[in-house]
Amino acid sequence: QVTLVESGGGLVQAGGSLRLSCAANARLFSSYVMGWFRQAPGKEREFVAAMRWSTIYADSVKDRFIISRDNAKNTVYLQMNSLKPEDTAAYYCAATGAALSRSHYDYDYWGQGTQVTVSS
C-alpha cells in the first residue's frame, strides 16, 4: 500500500509560480512511476507530468512545468512556472509500479489533491 500526501497549492496571480510536493509512504519509492494529474470543475482528470528515470509532459505544460523527485526523501515535486488561469484545478499526485503512462487508469495510488487557483 502506498500513501500519497500533496502540499503546496494555493492562490497565485497569472505569471507566477508554485511548487507542489507529494510525500509518499512507500517501500522502494524509487521504483514507482510518479505522476501529476489535475482536474478542473466539470472536466475530466487530465495528465500533467510523470517520471521514473525519464520524464513526460502534457503539451499544455511543457516548457512551463518541471517534475522532479528526491528518492532519499520519498518525495516528488511539480515546479509550475508562468502559471495561467487555465491551470486552475485540483492537482493530484499518483503512483504506479507499471510503465510510464499518461493515462490515469494506469495509476494505482492517489493523493487527496491540492487546489491551485490562478487569478488573471
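Look up a bit, the structure's there.
Residues numbered from 1 in each chain as written. Predicted model: local features only at pLDDT ≥ 70, side-chain atom pairs only at ≥ 80, totals over all residues. Heavy atoms only, no water.

Caption draft 1: Representation of the overall build of the protein chain in the model. Within the protein chain, the regular secondary structure consists of 0 helices and 11 strands. Listing every helix and strand of the protein chain by position from the N terminus yields β-β-β-β-β-β-β-β-β-β-β. Against the compact-globule benchmark of 14 Å for 120 residues, the protein chain has a radius of gyration of 13 Å, which places it among compact chains. Dimensions of the protein chain, computed from C-alpha atoms along their principal axes, come out at roughly 40 × 25 × 25 Å. Relative to its full complement of 120 residues, the protein chain shows a buried share of 47%. Of the contacts made within the protein chain by residues no fewer than 6 positions apart, 59% connect residues no fewer than 24 positions apart. Taken as a whole, the protein chain presents about 6,200 Å² of accessible surface, with 48% of it coming from carbon and sulfur. When the 12 positive and 10 negative side-chain charges of the protein chain are each reduced to one mean point, those points stand 5 Å apart. (Helix = DSSP H or I, 4+ residues; strand = E, 2+ residues; numbered from the N terminus. Rg over C-alpha atoms; globule rule 2.2 N^0.38 Å. Buried < 20%, exposed > 50% of the residue type's maximum accessible area, 1.4 Å probe, protein only. Contact = heavy atoms within 4.5 Å. Areas by Shrake-Rupley, 256 points an atom, 1.4 Å probe, with all protein chains shown as cover. Lys, Arg positive; Asp, Glu negative; His and termini not counted. Charge placed at Lys NZ, Arg CZ, Asp CG, Glu CD.)

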